[in-house]
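Coordinate inspection notes
Okay, here's what each chain looks like letter by letter:
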Amino acid sequence: KAAKKASKQTVANKYLGQLNTLVNDLRQSSTRFVRCIKTNNEKLPAKLDKPLVLRQLICSGVMAALEVRRAGFPTRIPFRDFVREFRAFTPRGGRHYTDDKELAAKMMQHPHVAQKVKSSTYRLGVSKLFLQAEILYELESIKNNMLYPFVRRLQRWWVKLQGSILQRKFKRCSADLSEAMTEASIKAVSAVAYVIESIAVGERAKEKASVAVSSSATPVAVEAIVEFRKAVDHVKKIVAAAVAQKEEAYRIRAVLLSEIDSGNERCSALIEVANSLYDPKDVEILRTHAKDAEKALAACRTELMTVATQWETATLRLSSEQGPHTLRRAGTKASLDNQRSSRELDASAMTPEEANAARRKRLDHAMTLVREAETKSQVMLERKRAMDEARAEFQGSLDLASERLSAIQVDVFIISGIKTVSNAVALAREAIFAAQKALQAIDPEPVKMAVEEATQAVENALATAQHEAARVAAMVTLDESEKTLVEIEYSAQEQGFSESLKNVILIAQEAIATARQACSYPDVHVLTNSTQRAVDAVNGCGELLERETARKRAAEKAKFDKLLGIWDARASSSSVPRFARKDGAQPKPLFRVPRVKVVNEDVSGVGSSSDVAANPPSPPQGTSPEATTFTSPTIVPIKAPHPTNTQLSPTGMKKTVMETPVVSTSADIGNKADGKGLDTWIDANSFSKYSTQIKNLVDDLDDLREIEDADADEVIKECGMAKIPARRFKKALIELGARISK
């Protein structure tokens, strides 16, 4: 358990371990001072960032402290260590000195030391010798110079023990020659002709020196050793030159091959550009130029690879003589290629420099072909870009035309039995499809013409749809106008106004007939204006009928007021409802004719081409201004004042059909009251309590039928009815036919 606890790594244990390691390192080194330096920003061990360390030393003042220390006596050596290290400076009788400080002072006065070291460059301390910078190294140099003659003596003695000096020189030269041969073999230049020749000269000099050293003739041996040394130096020089030449040739070949590879990549890019072009002629031209450039580059590459250098050829030839079968075949092929290249060079009588210049010229010509192909590709790409922009613009126009065409509700027209719109839409779609196919063409002019034709076809379809929609809406409006005119004519006959409304009704009928004829006209504005005139004429008839009815009602009311003169005294004490007869008030019309309003149905789905703004027609001839007063109609959807029924128009869309207005007559009153009068209605509905007040406010059942909400509330107030009788009173009025809400 104790072992496990000790081996457990904690933060404190890890810190103590690192601290012990640092202390051990400090103890093993000659530490002068300690500074904490961050070796690298990545906090990695065994990695030193020199600029970072130098910047920290400068910023912390260490370098400045070193400069200050260097200006003084930075080197401090204890006297005992100095005496032991530089005992070569000990004067005669130095062993008699017991004080190390005194002995050190005598050693610094040694002739060799005093000659080079001034007394101002050192100081004697209490226990150490203080030296300026570089003085310690100067003392080391003086010591080495004093000991060097003794070392030479020992070396000579050792050489004599191992053999003669000439033999040692011979062995040294032989070792240098072997080293040069090994270098040539490693760098693959040992088979070069001039290298082989220089090595052969060195081998002959070696044999001659070996024979001379073996003989007893010292002068001859010395001369042979000198010649052997010169031959070895020459071999080294030749091998170094061959290696440098080979590396330069390899560099040149690498540069040329990199240019060829770059040219091949550019040719491949040109072929890709050619595949993306639209014009087949441009594709063929660009591919031809790219292929020609590739052929020229391939010829340059073949020439560089087949024309082998002299050391490669010699190496392969040597391998063919000594190596295995594969190397023999390679050597034979290289020899044949070299012979063929040699024959070509001999035939053209070119030097190697001229051959290199010719190869460089052919490579430049190949790269020129590549550049010319790239220039043509730029022109072709510019044409392609212009075509792409034109196609994008034309495609946008076609998309807009298709979107506008899709807004036409063709099925509505088909249900209505109108085929012109569907035919126009079909033609527009065919034109759009033809324009879409034309977008694949190369020449933009046919594309432009096809797009213009498609746009024009769509405009024609839209115009056709607008015209047919306007025609359908006009037909619906005319049908409503004709129906309303029939109702007006029927009401006029019942009330005896046929003669006074005859001319106005004829004018309205003629306007409707004219508008129906205008439905076949191609101009939409003519149709809308004619329809508006017909609507104005019908509305004028209705207004005239209302005025005649109001005049008749006023006459009847005046007659009724005359008969009720006996009630004048009582009328002054009790209020009369405002709807009946209030002094100074305009009587409320009790008969209204529904107005015809222009149906503005948009069944085309594209909106109206223009607002319909017809001028009010002039009064027809033979009628008074009062009878034919027209106002400018407002084009709004039909909203009848009476309850309406919703039916499906011939165009497939919902339209509003007004009910026939109810015209109150004496005959109708008698029928609806089942032959009973006001008294009978009061008794039947249990309003006998309020009989006197009701009879004072109304004359007959016809007045009750014309009562509205405000009038009913006033009657209820005058009679003093409670809530329940008031509800029963309103319910009875609704059953009678009054226009009041529940």
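Data block above holds the structure.
Definitions and cut-offs
Residues numbered from 1 in each chain as written. Predicted model: local features only at pLDDT ≥ 70, side-chain atom pairs only at ≥ 80, totals over all residues. Heavy atoms only, no water. Patch = residues over 30% accessible without salt bridge, like charges linked within 9 Å, V, L, I, M, F, W, Y side chains within 5 Å. Areas by Shrake-Rupley, 256 points an atom, 1.4 Å probe, with all protein chains shown as cover. Salt bridge = Lys/Arg side-chain N within 4 Å of Asp/Glu carboxyl O. Lys, Arg positive; Asp, Glu negative; His and termini not counted. Charge placed at Lys NZ, Arg CZ, Asp CG, Glu CD. Helix = DSSP H or I, 4+ residues; strand = E, 2+ residues; numbered from the N terminus. Buried < 20%, exposed > 50% of the residue type's maximum accessible area, 1.4 Å probe, protein only. Expected span 1.5 Å × (residues − 1). Arc of directions from axis to C-beta. Core = buried A, V, L, I, M, F, W, Y, C linked by side-chain atoms within 4.5 Å. Contact = heavy atoms within 4.5 Å. Phe/Tyr/Trp six-rings, centres within 6.5 Å; stacked < 30°, edge-to-face > 60°. Lys NZ or Arg CZ within 6 Å of the ring centre and 35° of its normal.

So, a positive patch on the surface
- Judged by side-chain charge, Arg168, Lys169, Lys171 and Arg172 come together as a positively charged surface patch.
- Inspection of the secondary structure assignment puts Lys169 in helix α9 (residues 165-186).
- Judged by relative accessible area, which is 41%, Lys169 ranks as partly exposed.

Side note on the pattern of salt bridges
- One pass over the structure, following the stated rule, counts 28 salt bridges.
- For Glu140, the salt bridge goes to Lys143, with nearest N and O atoms at 3.4 Å. A residue pair is termed a helical-turn pair when its members lie 3 or 4 positions apart in one helix, as Glu140 and Lys143 do in helix α8 (residues 135-162) at 3 residues.
- The partly exposed category is assigned to Glu140, whose relative accessible area is 26%.

Digging into α9
- The first and last C-alpha atoms of α9 sit 31 Å apart over 22 residues, in line with the 32 Å expected at 1.5 Å per residue.
- All buried positions along α9 are accounted for by Leu166, Phe170, Cys173, Ser174, Asp176, Leu177, Ala180 and Ala184. In a view along the axis of α9, the buried residues occupy a sector of 160°, so they form one face of it. Exposed residues on α9 whose side chains face more than 90 degrees from its buried face are Ile165, Lys171, Arg172, Glu179 and Ile186.

Here we look at the nonpolar core
- By size, the foremost hydrophobic cluster in this structure holds 30 residues, and its most contacted members are Leu405, Ile408, Phe413, Val421, Val425, Val458 and Ala461.
- Within the residue set of this core, elements represented by two or more residues are α15 (352-406), α16 (410-415), α17 (420-438) and α18 (444-495).
- Counting residues per element, this core draws most heavily on α18, which supplies 11 residues.
- Excluding anything up to four places from it in sequence, Val425 contacts Leu405, Ile408, Val410 and Ala461.
- Listed in part, the 25 residues of the second largest apolar core include Phe170, Ala184, Val195 and Ala224.

Section: the packing of aromatic side chains
- Summed over the entire model, instances satisfying the criterion amount to 6 aromatic pairs.
- Here the aromatic rings of Phe86 and Phe89 are separated by 5.8 Å at their centres, their planes lie at 10°, and the arrangement is stacked. Both residues of the pair, Phe86 and Phe89, count as buried.
- Note on Phe170 and Phe228: the rings are 5.6 Å apart at their centroids and 40° apart in plane angle, and the pair reads as tilted. Within this pair, whereas Phe170 is found in helix α9, its partner Phe228 is found in helix α11 (residues 218-275), the two being separated by 58 residues in sequence.
- Note on Phe170: relative accessible area 16%, which makes it buried.
- Put simply, the rings of Phe82, Phe86 and Phe89 pair up and form one aromatic cluster.
- The residue whose ring lies beneath Lys143 is Phe86, and the NZ or CZ to ring-centre distance is 5.4 Å.

Keep in mind that these numbers describe shape and distance, not what the molecule does.
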